[in-house]
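Fold and geometry: a report
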Number of protein chains: 6
Amino acid sequence: MELVPGNTLITATPDEGRALAVKLARLTVKATQPDAEVRQRLRLAYAEDHHSLIAIAQVVATEYATIAAANNHWR
Amino acid sequence: MELVPGNTLITATPDEGRALAVKLARLTVKATQPDAEVRQRLRLAYAEDHHSLIAIAQVVATEYATIAAANNHWR
Amino acid sequence: MELVPGNTLITATPDEGRALAVKLARLTVKATQPDAEVRQRLRLAYAEDHHSLIAIAQVVATEYATIAAANNHWR
Amino acid sequence: MELVPGNTLITATPDEGRALAVKLARLTVKATQPDAEVRQRLRLAYAEDHHSLIAIAQVVATEYATIAAANNHWR
Amino acid sequence: MELVPGNTLITATPDEGRALAVKLARLTVKATQPDAEVRQRLRLAYAEDHHSLIAIAQVVATEYATIAAANNHWR
Amino acid sequence: MELVPGNTLITATPDEGRALAVKLARLTVKATQPDAEVRQRLRLAYAEDHHSLIAIAQVVATEYATIAAANNHWR
């Protein structure tokens, strides 16, 4: 399966980079749990769980650091 | 939805960069849980939970590292 | 509210930088939970909870990485 | 045991780098718990546990930062 | 109180840098919980708790990244 | 006690660097819990606990980032 959409970390803008960070995080979860039905069930659980929402925000922040560096911070 | 307010990581000052870090973290949560009512309920929970407050501080610290690098640490 | 005391990441020494890291972490908590009474109650809880103390140390370590980089590691 | 497949961090593409990040994370688990039967049992547990899936995504994000840097972000 | 022993991140060797990382982590805990008796009680708890030992290792790893960078990795 | 085996972060290969990352993490645990018998007991616990295995993988990923940087990613 594709783990990096478009197979590049380069994006036109900081906002597109952010969307990529979110996608990268989701694709790791998909690679670890390929069953779509299970993922859907878990999604309902974590979307109501503030510990999980914060932990997801941590993952996205970490992915974004890499993407921002790849794009020379869009300077 | 917009994930990076103003679509830039560049801010005039370290303090504005910090405010952006806080916003980025909140927008990730919003993207993951789009229902404002649910978010409001969870906010009441985590604001009284010291584990969550510390975890949020960790996310903000991670976002801030990226923003500070983007701004060459405002030197 | 002010999120970065003095609105700068530059400090004279590594020790002052460390004090700033601690303050940044506390100010994020304050921004998320503005009620001083609630924060005082939570402080009593986390100061007796070794999981929380370690988690706070993690946040401070992360903030310090940014501050040290901003100061070219005080070399 | 081999901890880095191919003994290199260099990959042809961002997507291959991502696959390497996933493998590195799995090999650390294997080095810590060499019993394949135990790992299989634990895998069934964490694949149904959203906390674990998010924590795995965090590890992969961290590994990927290193691999992306090694590859000059495939620019 | 002193947060960075010797007020410098520069050490002669990687091993001394590592010892500094451990001390930095401990001093953050001390700054957050200044009561020596409470810290001693908590130390007994976390030294028998594998979750805490791993979390402490995470903090030390993060501190060490900063110290290693400050010392240009002792190359 | 020795915290960095060989007192250097430089290794010949990415794979040797990875082995060093694992050792650094273990030595931090040893420094925090010097009693070998307690560590052996805790090891039996965490090797069967998927939360702990993932947390260990996170520590190793963080250590490896530092070691890889020290070795200029073995490019």
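The rules behind the values
- Residues numbered from 1 in each chain as written.
- Chains lettered and ligands numbered in written order.
- Predicted model: local features only at pLDDT ≥ 70, side-chain atom pairs only at ≥ 80, totals over all residues.
- Heavy atoms only, no water.
- Phe/Tyr/Trp six-rings, centres within 6.5 Å; stacked < 30°, edge-to-face > 60°.
- Helix = DSSP H or I, 4+ residues; strand = E, 2+ residues; numbered from the N terminus.
- Buried < 20%, exposed > 50% of the residue type's maximum accessible area, 1.4 Å probe, protein only.
- Lys NZ or Arg CZ within 6 Å of the ring centre and 35° of its normal.
- Least-squares fit on C-alpha atoms with pLDDT ≥ 70 in both.
- Contact = heavy atoms within 4.5 Å.
- Buried area = accessible area lost by both parts, 1.4 Å probe.
- Salt bridge = Lys/Arg side-chain N within 4 Å of Asp/Glu carboxyl O.

As named in an unreviewed UniProt entry, chain A is Hexameric tyrosine-coordinated heme protein (HTHP), taken from Lentzea cavernae.

Residues and elements named next belong to chain B. Evaluated as defined, the whole model comprises six aromatic pairs over all chains. Summarising the aromatic geometry, the rings of Tyr-64 and Trp-74 are spaced 5.7 Å apart at their centres and angled 25° between planes, so their arrangement reads as stacked. Of this pair, Tyr-64 sits in helix 3 (residues 50–70) while Trp-74 sits in the segment after helix 3, and the two are 10 residues apart along the sequence. Taken as a pair, Tyr-64 and Trp-74 share a single burial class, namely buried. When the ring centre of Tyr-64 is taken as reference, the NZ or CZ atom of Arg-18 above it lies at 4.7 Å.

Below, the discussion takes up the relation of the copies chain A and chain B. Between the two chain copies there is a screw-like relation: a rotation about an axis and a shift along it. Placing chain A over chain B gives an RMSD of 0.0 Å and needs a rotation angle of 60°, together with 0.0 Å of translation along the axis. Seen this way, the second copy is the image of the first under a six-fold rotation axis. Using C-alpha coordinates, one finds that chain A approaches the rotation axis most closely at Thr-62 of chain A, a distance of 6.9 Å. Residue by residue, only 19% of the interface of chain A is reproduced at the interface of chain B, so the copies engage with different surfaces.

The phi dihedral of Trp-74 of chain E is positive, around 55°, even though this residue is not glycine. Phi is positive for Asn-72 of chain F, close to 50°, though the residue is something other than glycine.

Moving on, we get to the relation of the copies chain F and chain D. Of the transformation placing chain F onto chain D, the axial shift is 0.0 Å and the rotation is 60°, giving an RMSD of 0.0 Å. An overlap of only 19% is found between the interface residues of chain F and their copies at the interface of chain D, pointing to separate contact surfaces.

Let's shift gears to the interface of chain F and chain D. Opposite the 26 residues of chain F that make contact, chain D presents 33 residues. For the pair chain F and chain D, the summed buried surface comes to about 2,400 Å²; carbon and sulfur atoms form 64% of the total. Our count for the contact surface shared by chain F and chain D stands at two salt bridges. Note that Glu-63 of chain D is salt-bridged to Arg-18 of chain F, the shortest N-O span being 2.6 Å.

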